[in-house]
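Listed below, chain by chain, are the residues.
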Protein chains: 4
Amino acid sequence: MAYKPVPYERRAYYYETDQMGFVHHSNYIRWLEEARLDFMRQANLNYADMEKDGLIMPVTGVTSQFITSVHFDEAFRIVAKLIFFNGVRAVYHYETYLSQSGKLAATGESSHCFLDGVKRTPVSVKTRYPDFFERCLALLDEDDR
Amino acid sequence: MAYKPVPYERRAYYYETDQMGFVHHSNYIRWLEEARLDFMRQANLNYADMEKDGLIMPVTGVTSQFITSVHFDEAFRIVAKLIFFNGVRAVYHYETYLSQSGKLAATGESSHCFLDGVKRTPVSVKTRYPDFFERCLALLDEDDR
Amino acid sequence: MAYKPVPYERRAYYYETDQMGFVHHSNYIRWLEEARLDFMRQANLNYADMEKDGLIMPVTGVTSQFITSVHFDEAFRIVAKLIFFNGVRAVYHYETYLSQSGKLAATGESSHCFLDGVKRTPVSVKTRYPDFFERCLALLDEDDR
Amino acid sequence: MAYKPVPYERRAYYYETDQMGFVHHSNYIRWLEEARLDFMRQANLNYADMEKDGLIMPVTGVTSQFITSVHFDEAFRIVAKLIFFNGVRAVYHYETYLSQSGKLAATGESSHCFLDGVKRTPVSVKTRYPDFFERCLALLDEDDR
């Protein structure tokens with residue numbers, strides 16, 4: 001059965017807008033990070049703890065389509081999903097909705113690798129963090145495993 | 001003959017780093033905007049003037065691959081290129097290099113539409129800003145026209 | 001009796017840290033804005049509506065002391081207070097606490113003026129927005145009125 | 001004789017504006033950091049090297065007055081000055097000008113302490129980095145020493 005956390009939700013801040021009168025696109029990218037870390041936290045995979053355990057998960061790529069503008073003070077809701085994970089790479093997919101109208105505001109994906117926090121070299125999560133590996137696998141939909 | 005502006009160049013700021021010890025990926029996305037507007041300025045297409053003339057060019061999508069980390073105070077150089085333009089949509093491609101080593105740090109693309117700054121409705125640039133249209137076309141490589 | 005809204009609370013985001021390993025000081029300044037607008041919203045003074053009514057409230061000055069570092073994922077709580085308001089100028093005071101330890105993380109103040117959103121000239125709030133004026137006055141502690 | 005570096009200069013970026021149509025005040029605070037690090041670099045006190053040598057210089061307080069708005073694409077120039085330094089604390093003063101009109105846009109000050117980069121405890125710069133100490137002292141105006 002798929003892991004279904006509560007979607008991440010908050011309002012857009014004033015300083016996130018630009019002079020076009022809505023949120024600057026780079027901030028939608030930052031929101032994906034907020035949503036991803038919230039998704040992990042809900043699964044008891046706290047990223048702050050991961051880093052303390054010596055594992056970092058840098059972003060190796062990001063893509064986003066901006067469909068409906070989000071304005072200051074509007075609430076938005078992000079549905080995050082882990083769509084790929086093999087212990088070497090992970091890919092998240094995101095859908096951002098305007099909370100009030102339910103309109104799709106943006107879609108996005110982020111790709112990640114796993115590095116040793118000190119040496120900054122690739123880590124096989126399966127070997128070095130087997131418990132974390134199993135718990136990440138369990139976040140995938142059955143057809144994504 | 002292709003338009004070849006001077007690549008955009010500056011150093012990474014301290015506040016652009018995060019606790020991983022290098023620049024946060026969202027800032028590479030912001031740099032693309034800096035590079036794009038510099039590319040336009042060098043072609044005498046000043047975006048601030050465009051907006052005053054009632055034409056805005058929002059970002060409809062962005063994609064970026066992060067290859068080599070950029071650290072605080074490192075100089076980087078972005079080669080921007082207009083790879084698609086038809087008066088309704090425009091696509092830019094970017095390559096970000098570390099100035100000192102010449103290593104590729106990131107690649108990216110941004111897609112744009114053209115809207116009336118007040119009504120926020122699509123504008124046919126060809127009809128309403130024919131001079132701007134011709135000058136943008138001239139920025140494309142011959143095989144991209 | 002003094003207006004006592006619920007303190008503003010959230011966690012620090014990853015992208016708000018810098019390579020020192022805690023939140024960059026400029027973000028504490030941004031948090032003050034979040035706390036101020038939340039303070040107003042709780043008093044049914046929605047800033048987004050204010051702007052639609054043609055009144056803007058730019059920041060004319062800000063000051064902040066940083067006492068204890070806030071780290072990624074730590075929850076913080078900001079107690080905001082309107083300490084001066086005369087319809088021409090407003091001053092807010094803020095105290096930021098770490099939610100878990102209760103330690104004081106930062107203090108700050110922001111000063112504001114009131115401008116016509118279109119003409120960008122000073123507005124006498126008392127004359128032009130008498131209802132808003134009275135409601136702001138009521139947010140002051142009795143000894144600050 | 002006073003140390004007189006070249007003022008720090010650049011243009012305001014689009015993403016630094018907010019929906020008021022000019023640069024968000026938190027970005028003026030970030031600019032102070034850019035100007036300070038440039039001031040140090042011109043004096044051959046490279047902050048990136050300082051951190052590698054185990055010395056960090058966090059911001060303990062900041063204050064800024066915003067006088068004239070800076071708009072997208074406008075060039076600004078920051079005159080930074082070290083006004084206090086005793087090896088335990090340092091204070092910088094800043095004046096930000098619009099390059100074209102010469103108008104004063106903002107003033108500001110930032111206060112700093114010196115910490116061991118690993119232990120995060122106060123460091124006596126005079127004892128542990130005597131050469132750095134002397135070179136910082138030399139940046140003060142004679143009447144500030």
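Now for a look at the structure at hand. (Residues numbered from 1 in each chain as written. Chains lettered and ligands numbered in written order. Predicted model: local features only at pLDDT ≥ 70, side-chain atom pairs only at ≥ 80, totals over all residues. Heavy atoms only, no water.)

### With respect to the overall build of chain A
Part 1 of the argument: Scanning chain A from terminus to terminus reveals four helices and seven strands.
Part 2 of the argument: Tracing chain A from N to C terminus, the helices and strands come up as β-α-α-β-β-β-β-β-β-α-α.
Part 3 of the argument: Taking 145 residues into account, the globule formula puts the C-alpha radius of gyration at 15 Å, and chain A, at 16 Å, falls close to it.
Part 4 of the argument: Across its three principal axes, chain A shows a C-alpha extent of roughly 50 × 35 × 20 Å.
Part 5 of the argument: Out of the 145 residues belonging to chain A, those deemed buried represent 57%. (Helix = DSSP H or I, 4+ residues; strand = E, 2+ residues; numbered from the N terminus. Rg over C-alpha atoms; globule rule 2.2 N^0.38 Å. Buried < 20%, exposed > 50% of the residue type's maximum accessible area, 1.4 Å probe, protein only.)

### Points about empty space enclosed by the protein
Empty space left among the atoms is revealed by rolling a probe the size of a water molecule over them.
Part 1 of the argument: Within the structure shown, the criterion is met by eight cavities of 30 Å³ or more.
Part 2 of the argument: Of the volumes computed, that of the largest cavity is approximately 130 Å³.
Part 3 of the argument: Arg 30 of chain A, Tyr 15, Asn 27 and Arg 30 of chain C together with Arg 30 of chain D are the residues nearest the centre of the largest cavity, which is lined by 17 residues in total.
Part 4 of the argument: Counting only elements with at least two residues in the lining of the largest cavity, the list comes to helix H1 (25-42) of chain A, helix H1 (25-42) of chain B together with helix H1 (25-42) of chain C.
Part 5 of the argument: Every residue lining the second largest cavity is listed: Tyr 15, Glu 16, Thr 17 and Asn 27 of chain A, Arg 30 of chain B, Arg 30 of chain C together with Tyr 15, Glu 16, Thr 17, His 24, Ser 26 and Asn 27 of chain D.
Part 6 of the argument: Counted by class, the lining of the second largest cavity contains two nonpolar, six polar and four charged residues. (1 Å grid on protein atoms, 1.4 Å probe; cavity = no way out; pocket = protein on both sides within 12 Å on 5 of 7 lines; lining within 4 Å. Points joined across faces, edges and corners; volume = space filled by probe spheres on them. Nonpolar A, V, L, I, M, F, W, Y, C, P; charged D, E, K, R; others polar.)

### A short note on the relation of the copies chain D and chain C
Part 1 of the argument: Note on the identical chains: chain D maps onto chain C by a rotation of 180° and an axial translation of 0.0 Å, with an RMSD of 0.0 Å. Seen this way, the second copy is the image of the first under a two-fold rotation axis. Residue Thr 63 of chain D of chain D places its C-alpha closer to the rotation axis than any other residue of that unit, at 2.0 Å.
Part 2 of the argument: Interface overlap between copies: 100% of the residues of chain D at the interface are likewise at the interface in chain C, consistent with a symmetric, same-surface contact. (Least-squares fit on C-alpha atoms with pLDDT ≥ 70 in both. Contact = heavy atoms within 4.5 Å.)

### Quick look at the sheet that holds strand E6 (residues 104-113) of chain C
Part 1 of the argument: Ordered by their spatial adjacency, ten strands build an open sheet running E1(C)-E4(C)-E5(C)-E6(C)-E3(C)-E3(D)-E6(D)-E5(D)-E4(D)-E1(D), and the pairing between neighbours is antiparallel. Of all strands in the sheet, those bounded by a partner on one side alone are strand E1 (8-11) of chain C together with strand E1 (8-11) of chain D. On average, each strand axis in the sheet is tilted by 20° relative to the strand beside it, whichever way the strands run.
Part 2 of the argument: The pairing of strand E3 (residues 59-66) of chain C with E6 of chain C spans seven bridges and is classified as antiparallel. Note on E6 of chain C: the bridge partner recorded for Gly 61 of chain C is Ser 111 of chain C. (Pairing = 2+ DSSP bridges. Axes fitted to C-alpha atoms, helices over the stretch in contact; angles between N-to-C directions.)

### With respect to the relation of the copies chain A and chain B
Part 1 of the argument: Rotating chain A by 180° about the axis while translating it 0.0 Å along that axis superimposes it on chain B, leaving an RMSD of 0.0 Å.
Part 2 of the argument: A shared interface surface links the copies, since 100% of the contact residues of chain A are contact residues in chain B too.

### Some details on the interface of chain A and chain B
Part 1 of the argument: On the chain B side, the residues contacting the 24 residues of chain A number 24 residues.
Part 2 of the argument: Of the roughly 2100 Å² buried between chain A and chain B on both sides combined, carbon and sulfur atoms contribute 50%.
Part 3 of the argument: Area buried by chain A at its contact with chain B is led by Met 20, His 25 and Arg 30 of chain A, which between them contribute 28% of it.
Part 4 of the argument: Across the chain A-chain B interface, the total number found is zero salt bridges.
Part 5 of the argument: For the interface between chain A and chain B, the tally reads 14 residue pairs in polar contact (both at pLDDT 80 or more). (Buried area = accessible area lost by both parts, 1.4 Å probe. Salt bridge = Lys/Arg side-chain N within 4 Å of Asp/Glu carboxyl O. Polar contact = N/O pair within 3.5 Å; in protein donor to acceptor, adjacent residues only side chain to side chain.)

### A look at the pairing of strand E4 (residues 75-85) of chain A
Residues and elements named next belong to chain A.
Part 1 of the argument: Here four bridges tie strand E1 (residues 8-11) to E4, and the two strands are oriented antiparallel to one another. Residue pairing for E4: Glu 9 is matched across the bridge by Arg 77.
Part 2 of the argument: Note: E4 against strand E5 (residues 89-98), nine bridges, orientation antiparallel. Residue pairing in the sheet places Phe 76 in a bridge with Leu 98 of E5.

### Examining H1 of chain B
Residues and elements named next belong to chain B.
Part 1 of the argument: Between the first and last C-alpha of H1 there are 26 Å, a value that for 18 residues agrees with the 26 Å anticipated at 1.5 Å per step.
Part 2 of the argument: Counting buried positions along H1 gives 16 out of 18 residues, so the element sits mostly inside the fold.
Part 3 of the argument: Immediately downstream of H1, the backbone of Asn 44 shows phi near 60°, a positive value. (Expected span 1.5 Å × (residues − 1).)

### Re the layout of surface pockets
All names here are of chain B.
Part 1 of the argument: Counted as a void, the largest pocket has a volume near 690 Å³.
Part 2 of the argument: A per-element tally of the lining of the largest pocket places helix H2 (residues 47-52) first, with three residues.
Part 3 of the argument: Considering only residue class, the lining of the largest pocket consists of nine nonpolar, eleven polar and seven charged.

### Focus on the sheet that holds strand E6 (residues 104-113) of chain B
Part 1 of the argument: The strand order across the open sheet built from ten strands is E1(A)-E4(A)-E5(A)-E6(A)-E3(A)-E3(B)-E6(B)-E5(B)-E4(B)-E1(B), with neighbouring strands paired in antiparallel fashion. One side of each edge strand has no neighbouring strand; the edge strands of this open sheet are E1 of chain A together with strand E1 (8-11) of chain B. Direction aside, neighbouring strands of the sheet carry axes that sit 20° apart on average.
Part 2 of the argument: When strand E5 (residues 89-98) of chain B meets E6 of chain B, the two strands line up antiparallel, connected through nine bridges. Pairing of Glu 95 of chain B across the sheet is with Thr 107 of chain B, part of E6 of chain B.

### A word on helix H4 (residues 130-137) of chain D
Since the α-helix advances by 3.6 residues per turn, residues separated by three or four positions end up pointing in the same direction.
Residues and elements named next belong to chain D.
Part 1 of the argument: Along H4, the residues classified as buried are Phe 132, Phe 133 and Cys 136. The buried residues of H4 occupy an angular sector of 105° when projected down its axis, which confines them to one face.
Part 2 of the argument: At its buried positions, H4 is contacted by helix H2 (47-52), strand E2 (55-56), strand E4 (75-85) and helix H3 (125-128). (Arc of directions from axis to C-beta.)

### Observations concerning the packing of aromatic side chains
Part 1 of the argument: Applying the stated criterion to the full structure yields 52 aromatic pairs over all chains.
Part 2 of the argument: Between the aromatic rings of Tyr 13 of chain A and Tyr 15 of chain A, the centroid separation amounts to 5.3 Å while the plane-to-plane angle is 35°, which identifies the pairing as tilted. Neither Tyr 13 of chain A nor Tyr 15 of chain A differs from the other in exposure class; each is buried.
Part 3 of the argument: Between Tyr 47 of chain A and Phe 72 of chain C the ring centres are 6.3 Å apart and the planes differ by 65°, which places this aromatic pair in the edge-to-face class. With Tyr 47 of chain A in helix H2 (residues 47-52) and Phe 72 of chain C in the loop between E3 and strand E4 (75-85), this pair bridges two chains.
Part 4 of the argument: Here Phe 72 of chain C falls in the buried class, since its relative accessible area comes to 9%.
Part 5 of the argument: Three or more aromatic residues joined by ring pairs form one cluster here, namely Tyr 3, Phe 39, Tyr 92 and Tyr 94 of chain A. (Phe/Tyr/Trp six-rings, centres within 6.5 Å; stacked < 30°, edge-to-face > 60°.)

### Observations regarding the pattern of salt bridges
Part 1 of the argument: The full count for this structure, using the stated rule, is 36 salt bridges over all chains.
Part 2 of the argument: Across the pair Asp 141 of chain C and Lys 81 of chain C runs a salt bridge, and its minimum N-O distance is 2.9 Å. Here Asp 141 of chain C, found in the segment after helix H4 (130-137), pairs with Lys 81 of chain C, found in strand E4; they are 60 residues apart in sequence, far enough to count as distant.
Part 3 of the argument: Look at the salt bridges and you will find they share partners, linking Arg 11 and Asp 73 of chain A together with Asp 38 and Arg 41 of chain C into a network.

In short, geometric facts, not functional conclusions.
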